[in-house]
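Notes for the structure review
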Amino acid sequence: MNDTNVPYVTLNSGVQMPQLGLGVWKSKDGNEVEAAVTAALKAGYRLIDTAMVYGNEGGVGKAIRASGIPREEIFVTTKLWNSDQGKGNVRPAFEASLKRLGLDYIDLYLIHWPMPARDLYVETWHEFEKLYVDKKVRAIGVCNFEVEHLEKLDKHSTVTPAVNQIELHPRFAQTELREYAKEHGIMIESWSPLGGTKGSILGNEMLIQIGKDYSKSPAQVVIRWHLQHNLIVIPKSVHAERISQNIDVFDFELSKKEMDMIDSLETGQRLGPDPNTLNGN
Ligand code: A2P
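Position numbers for residues start from 1 in each chain and track the written sequence from start to end. Thresholds applied to this predicted model are a pLDDT of at least 70 for local features of residues and 80 or more for the giving and counting of side-chain atom pairs; totals over whole chains, interfaces and linings are not thresholded and use all residues. Hydrogen atoms and water are omitted, and side-chain values are computed over all heavy atoms in the structure.

**A closer look at the overall build of the protein**
Here is the rule we go by: Under the scheme used here, helices are H or I runs from DSSP no shorter than 4 residues and strands are E runs no shorter than 2 residues, and both carry numbers assigned from the N terminus. It is over C-alpha atoms that the radius of gyration is taken, and the globule rule equals 2.2 Å times the number of residues to the power 0.38. Any residue under 20% of the maximum accessible area for its type is buried, any over 50% is exposed, and the rest in between are partly exposed; the area is computed with a 1.4 Å probe on protein chains only. It only takes one pair of heavy atoms within 4.5 Å for two residues to be counted as in contact. Only the protein chains shown count as cover for residues, and the accessible areas themselves come from Shrake-Rupley with a 1.4 Å probe.
Along the backbone of the protein there are 10 helices and 10 strands. Taking 19 Å as the expected radius of gyration for a compact globule of 281 residues, we find that the protein reaches 18 Å, a close match to that expectation. Counting across all 281 residues of the protein, residues that qualify as buried make up 56%. Relative to all contacts within the protein whose residues are 6 or more apart in sequence, the contacts with residues 24 or more apart total 75%. For the protein, the exposed area adds up to about 12100 Å²; of that, 50% sits on carbon and sulfur atoms.

Rendered as structure tokens:
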């Protein structure tokens, strides 16, 4: 385990997953991602979230191996890219990810987007179920699935996704999906948890004020908001100081009133693509 008090959540596969980890979207392969993962592991992170399409699985794996931390203590997530959906494509894509990471199993393997117009996600999921049965992965899940996609999977498969990783931050809090997930034993994991870079919420006066009361930054307040909503959260940063700051969130607790105030930032506006219309590679 680690000494930073990061709680673990139990997935529906029975596997324990750290509730807070490092996201590496947009971290460049090579020095940049290796330095970020190294800093994170030193700071006590034990969950690293990458994806084939980020192009940095190689650097992630290198930093994990160089850390000297036993493999079983680190929880590694990667994702199947859109062009690799479909029956014959999944296993080779998975093996290629493993090879780039230099690992012999993945903790959590996710379908990156549902791409409903291409209608391949059910057969892709059946291949994921085989990887799970073959113990190549400890848990399987999805990203960016809307309720109707989850319902379709439920109807046509046997394994319920352990995780649905979705865009989620105080301005887009996804209450309907969170309700559905709770009812079905699916953990929600927040991507862009800090609200992205464009028009970031981190300059919001209310978040700054709440943070001041605890000597915390707005980013730390927002991370705490995710944790207290029982969400898995993967803030990304390539700066060691921010990486340390983002895990230093276990010595304060937001009040119910503060949680409600942050909830009130909801706008219903996404920052990223709409899962119903993203169908490309
Ligand atoms: P950087 O990597 O330059 O540190 P998202 O919500 O989409 O994950 O976006 C998070 C953005 O906020 C990243 O681009 C990251 O930039 C920045 N960031 C991460 N942690 C902090 C922090 N503690 N304070 C301010 N900005 C942060």
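Past the structure itself, the notes keep going.
**Quick look at the site of the ligand**
To keep it simple, the criterion reads: In these notes, residues near a molecule or strand are those with any non-hydrogen atom within 4 Å of it. We call two N or O atoms a polar contact when they sit within 3.5 Å, provided that within protein one can donate a hydrogen and the other can accept it, with sequence-adjacent residues counted only if both atoms are side-chain atoms. Residue type decides the class: Asp, Glu, Lys and Arg count as charged, Ala, Val, Leu, Ile, Met, Phe, Trp, Tyr, Cys and Pro as nonpolar, and the leftover types, Gly among them, as polar.
Neighbouring the ligand are 15 residues; S192, K236, S237, R242 and N246 lie closest to it. In the model, an oxygen atom of the ligand is placed 3.1 Å from a nitrogen or oxygen of the G195 main chain. In this structure, H239 approaches the ligand through a side-chain N or O atom, which is 3.1 Å from an oxygen atom. Against a free-state accessible area of 570 Å², the protein chains account for coverage of 84% of the ligand. If one sorts the elements of the shell around the ligand by residue count, helix α9 (residues 240-247) sits on top with 3 residues. Considered class by class, the residues forming the shell around the ligand number 5 nonpolar, 8 polar and 2 charged.

**Quick look at the pairing of strand β6 (residues 106-111)**
Keep this limit in mind: Should DSSP find at least two bridges between two strands, the strands are regarded as paired.
The element β6 is largely enclosed, with a buried count of 6 among its 6 residues. In this sheet, β6 lies alongside strand β5 (residues 75-80) in parallel orientation, the contact comprising 4 bridges. The residue of β6 that forms the bridge with T78 is Y109. Taken together, the 5 bridges between β6 and strand β7 (residues 137-143) define a ladder with parallel strand orientation.

**A closer look at the sheet that holds β7**
Across the sheet, 8 strands lie side by side as β3-β4-β5-β6-β7-β8-β9-β10; this open sheet has parallel pairing. Here the strands that pair on one side only, and so sit at the sheet edges, are β3 (22-23) and β10 (232-233).

**What to know about the nonpolar core**
Put simply, the rule is: Nine residue types can take part in a nonpolar core, namely buried Ala, Val, Leu, Ile, Met, Phe, Trp, Tyr and Cys, and a core is a set of them joined through side-chain atoms within 4.5 Å.
In terms of nonpolar packing, the biggest core is built from 73 residues, with L20, L22, V37, Y109 and I262 touching the most fellow members. Counting residues per element, this core draws most heavily on helix α1 (residues 31-43), at 7 residues. Those residues in contact with V37 that lie beyond four places of it in its chain are L22, V24, I48, V60, A63 and I64. Counting residues in each nonpolar core, the second largest holds 15 residues, with L11, L47, A139 and A162 among its members.

**Comments concerning the pattern of salt bridges**
Side chains that carry opposite charge are capable of pairing whenever their charged atoms lie near each other. Where we set the bar: What counts as a salt bridge is simple: a side-chain nitrogen of Lys or Arg found within 4 Å of a carboxyl oxygen of Asp or Glu.
Inspection of every chain in the model, using the stated rule, returns 15 salt bridges. Across the salt bridge formed by E95 and K136, the nearest N and O atoms sit 3.7 Å from each other. Of this pair, E95 sits in helix α3 (residues 90-101) while K136 sits in the loop between α4 (121-133) and β7, placing them 41 residues apart in sequence. One salt bridge connects K216 with D251, and the closest N-O pair in it is separated by 2.9 Å.

**Things to note about the packing of aromatic side chains**
Quick note on the threshold: Put simply, two rings from Phe, Tyr or Trp (the six-membered ring, in Trp's case) pair if the centres are within 6.5 Å, and we call them stacked under 30 degrees between planes, edge-to-face over 60, tilted for the rest. Note on geometry: a ring has a charge over it if NZ (lysine) or CZ (arginine) is within 6 Å of the ring centre and within 35 degrees of the ring normal.
Under the definition given, this model contains 6 aromatic pairs. Plain terms: the ring middles of W125 and F128 are 5.9 Å apart, the flat faces sit at 25 degrees to each other, and that makes the pair stacked. Highlighted residues: W125 and F128, both in helix α4, separated by 3 residues, approximately one helical turn. When its relative accessible area of 0% is taken as the criterion, W125 is described as buried. Each member of the aromatic cluster is reached from another via a ring pair, and the members are F94, Y109, W125 and F128. The ring of F252 is capped by R224, whose NZ or CZ atom sits 5.7 Å from the centre of that ring.

**Notes on the side chain of N82**
Counting through the fold element by element, N82 comes out in the loop between β5 and α3. When sequence neighbours within four positions are dropped, the list of residues in contact with N82 reads H112, W113, M115, R118, L278, G280 and N281.

**Re the environment of E151**
By the secondary structure assignment, E151 is in helix α5 (residues 147-156). Between the C-alpha atoms of E151 and T277, which are 126 residues apart in sequence, the distance is 18 Å.

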